[in-house]
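As a plain string of letters, each chain reads:
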Amino acid sequence: IILLEVLFFFSVVGQSSAFVPQCQKVQLRKGSRTEWVGFLLSESTDSNYEEDNAVSIMTKTAMRKIAQVEKFPRLPVWPAWNGVAIFFISKLFGNDFAAKVEDIMGGRVCPNFFTEDKTSPFIMLVHHRHTFASWDILRYFQRTFFPEGFPAHAHRGFITVTYILKGGFIHRDSLGIKQSYGAEERHKGKHTQWLNTGGGMLHEEMFDIDFRNIFKPCDQELYQLWVNVPSKKKMVSPAIKLLGGESETPSVINVDRNGRKSETIVIGGTHKEKSSVAPIESDLAILHVSMDPGTSWSHNLPASQETALIYMRRGSIECQGTSVPPHHTAYFEQEGLNIVVSSKVGADFLFLAGEPLREPVAAQGSMVMNTPDEIDVAYADYQRGKMGLPWSETLSDEDWLDHVKRHPSVYKLE
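Residues numbered from 1 in each chain as written. Predicted model: local features only at pLDDT ≥ 70, side-chain atom pairs only at ≥ 80, totals over all residues. Heavy atoms only, no water.

A. Local environment of the nonpolar core. Counting residues in hydrophobic clusters, the biggest one holds 25 residues, and the most contacted among them are Phe-122, Val-161, Trp-194, Leu-225, Ile-286 and Leu-352. For this core, the elements supplying multiple residues, two or more each, are β6 (122-132), β8 (158-166), β13 (218-228), β16 (261-268), β19 (284-291), β21 (307-315) and β26 (347-354). At four residues, the largest contribution of residues to this core is made by β8. Ignoring anything within four residues of it in the chain, the contact list for Val-161 reads Thr-192, Gln-193, Trp-194, Tyr-223, Gln-224, Leu-225, Val-227, Ile-267 and Ile-286. Residues Leu-287, Ala-330, Ile-339 and Phe-349 belong to the second largest nonpolar core, which totals 22 residues. (Core = buried A, V, L, I, M, F, W, Y, C linked by side-chain atoms within 4.5 Å. Buried < 20%, exposed > 50% of the residue type's maximum accessible area, 1.4 Å probe, protein only. Helix = DSSP H or I, 4+ residues; strand = E, 2+ residues; numbered from the N terminus. Contact = heavy atoms within 4.5 Å.)

As structure tokens, then:
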């Protein structure tokens, strides 16, 4: 009887040209095993259409849910008066409208201070959005006591990833390295700096301000992410690398049948079989995602990457009934190997995922080690000049280079 029913089913399917699906197996991972859990039925061979339809058959246990949504304070700076104005706009017209105003005029910074149990190996994410105007009289007064950037300061024991979205940075350090990088043509596609601070170094990051048009403010926007490293790799020689372009930070573009697209830039790790050349020290992914209105985005996670979170730069997303507004941070549960989000209005966000290091963390100021005693040693080494000695950001390149030759980081690889 069963055999007759199967034959009858296929005879009906074969007679109906309107019901001739193309079948492909959908492979979903569970734990360390691979299981075949279903079939993908679609009327199109378009890979993006298949990806969208695959979402509908993923079991709830395979899909990772959002556990918490959090909003960190945004602080007024560069220029502070813009930031103060945006604060009052948020109280009068709401946070969503204020986020749009901030995107236009700048003036705020948002440090996301993470906790080890939810975000390892990620320690902190800072979103900067600033503008500098040549005709801003207050700006010239402010920079006499508040430099436009970050003068020489010390680090030990972690990686800083600085990803520029607008404008740029000029970097100088106690290794004797100077770099200019960012999102403008003059930066030649190098938008990301991957800096392993290792045993210790000093560096200076000043905004690369270029007034091509004196009537138009110079826009600056960036992410800086602090990434922890395993204890055995904390005292290595400092290393620095600039990244950018398809060969180093490839992009993955998905276009649906209506021409709507999502784009993912792989800053670190891998997405859809495309990988960054960033020298990661543990299993992680750093992805910049932009979505057109009415699109969805998905990412498959290896079982090791229990940490996953999203910082929403623009727009909003939905994930299994949970909404994430602009300027909010969403933390995902640790279970599940697939993340799928959709956006009705369009979205732009930073996605982070990684394998927890499962080691003690001691962080103070600009040092990240494993114990308080190691932090004390780090600051003692800094005071002794082992990471180099600070210099003024006003020094010429010639004078700065002479200074660091006389006072280099002893951890520099010769």
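So, next bit.
B. A look at the packing of aromatic side chains. In this structure the tally under the stated criterion is 17 aromatic pairs. Centroid distance Phe-169 to Tyr-181: 6.3 Å. Interplanar angle 70 degrees. Geometry classified as edge-to-face. One end of the pair, Phe-169, is in strand β9 (residues 168-173); the other, Tyr-181, is in strand β10 (residues 178-182), and twelve residues separate them in sequence. Per residue, the accessibility class of Phe-169 equals that of Tyr-181, and both read buried. Members of the aromatic cluster, connected to one another through ring pairs, are Trp-78, Phe-132, Phe-146, Phe-150, Phe-169, Tyr-181 and Phe-207. When the ring centre of Tyr-331 is taken as reference, the NZ or CZ atom of Lys-118 above it lies at 4.2 Å. Arg-139 extends its terminal NZ or CZ atom over the ring of Tyr-140, reaching a point 5.0 Å from the ring centre. (Phe/Tyr/Trp six-rings, centres within 6.5 Å; stacked < 30°, edge-to-face > 60°. Lys NZ or Arg CZ within 6 Å of the ring centre and 35° of its normal.)

C. Highlighting the side chain of His-187. Within the secondary structure, His-187 is located in the loop between β10 and β11 (192-196). In this structure, His-187 is in contact with Gly-167, Gly-168, Ser-180, Tyr-181, Gly-182 and Asp-208, ignoring residues within four places of it in sequence.

D. Structural context of the sheet that holds β9. Pairing in this open sheet of four strands is antiparallel, and the strands run β7-β12-β9-β10 from one edge to the other. The strands lining the two open edges of the sheet, one partner per strand, are β7 (149-155) and β10. Direction aside, the axes of adjacent strands within the sheet are offset by 20 degrees on average. With five bridges joining them, β9 and strand β12 (residues 201-207) adopt antiparallel strand pairing. (Pairing = 2+ DSSP bridges. Axes fitted to C-alpha atoms, helices over the stretch in contact; angles between N-to-C directions.)

E. The arrangement of the environment of Thr-394 in detail. For Thr-394, the location among the structural elements is in the loop between α7 (372-383) and α8 (397-406). The spacing of Thr-394 and Pro-147 is 247 residues in sequence and 9.7 Å in space, taken between C-alpha atoms. One polar contact links Thr-394 to Ser-392, side chain to side chain, over a distance of 2.6 Å. (Polar contact = N/O pair within 3.5 Å; in protein donor to acceptor, adjacent residues only side chain to side chain.)

F. Structural context of the sheet that holds strand β15 (residues 251-255). Ordered by their spatial adjacency, seven strands build an open sheet running β3-β24-β21-β26-β19-β16-β15, and the pairing between neighbours is antiparallel. Single-partner strands in this sheet number two, and they are β3 (66-70) and β15. The sheet shows a mean angle of 20 degrees between the axes of neighbouring strands, taken without regard to direction. For β15 and β16, the ladder comprises five bridges, and the chain directions are antiparallel. Note on β16: the bridge partner recorded for Val-255 is Lys-261.

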